[in-house]
Amino acid sequence: QMQFVESGGGLVQPGGSLRLSCVASGLIFSRYAMSWSRQAPGKERELVAGITSDGSSTNYEDFVKGRFTISRDNAKNTVYLQMNNLKPEDTAVYYCNADLQFRVPIHLGSWGQGTQVTVSS
């Protein structure tokens, strides 16, 4: 079955940057659109960004547009999320998943353990 292992989170000051990584297994990675989602304490999980199977197109929610960049390396079965100009409201656990289709947030795999991002001074 599909499995995802996220890493790269941590504590960062407002305005700082982090790069998250997600290694996928149990799927033919290059065939799937991928996405990053996040869940803040007491809130529902929300979609952050998505990318097509070949990496040619990306999509972002308005609250991260211009600050976050999603990318992938199909040779390494890895999807990345570069996060710049971080804000306290970006504090959350971040997860990746494979999607049924680009821009269709129907997630196909079980959620991994996620990686905690905390933005605080």
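See the structure shown above.
Attention now goes to empty space enclosed by the protein. Tallied over the full model, the rule gives one cavity of 30 Å³ or more. Elements that contribute at least two residues to the lining of the largest cavity include exactly β4 (33-39), β5 (46-51), β9 (92-101) and β10 (104-107). The element best represented in the lining of the largest cavity is β5, accounting for four residues. Along the lines of polarity and charge, the residues of the lining of the largest cavity split into seven nonpolar, four polar and two charged.

Within this structure, the stated rule accounts for one disulfide. Between the sulfur atoms of Cys 22 and its disulfide mate Cys 96 the distance is 1.7 Å. In this pair, Cys 22 sits in strand β3 (residues 18-25) while Cys 96 sits in strand β9, placing the two residues 74 residues apart along the sequence.

Cut-off values and rules
Residues numbered from 1 in each chain as written. Predicted model: local features only at pLDDT ≥ 70, side-chain atom pairs only at ≥ 80, totals over all residues. Heavy atoms only, no water. 1 Å grid on protein atoms, 1.4 Å probe; cavity = no way out; pocket = protein on both sides within 12 Å on 5 of 7 lines; lining within 4 Å. Points joined across faces, edges and corners; volume = space filled by probe spheres on them. Helix = DSSP H or I, 4+ residues; strand = E, 2+ residues; numbered from the N terminus. Nonpolar A, V, L, I, M, F, W, Y, C, P; charged D, E, K, R; others polar. Disulfide = S-S within 2.5 Å.

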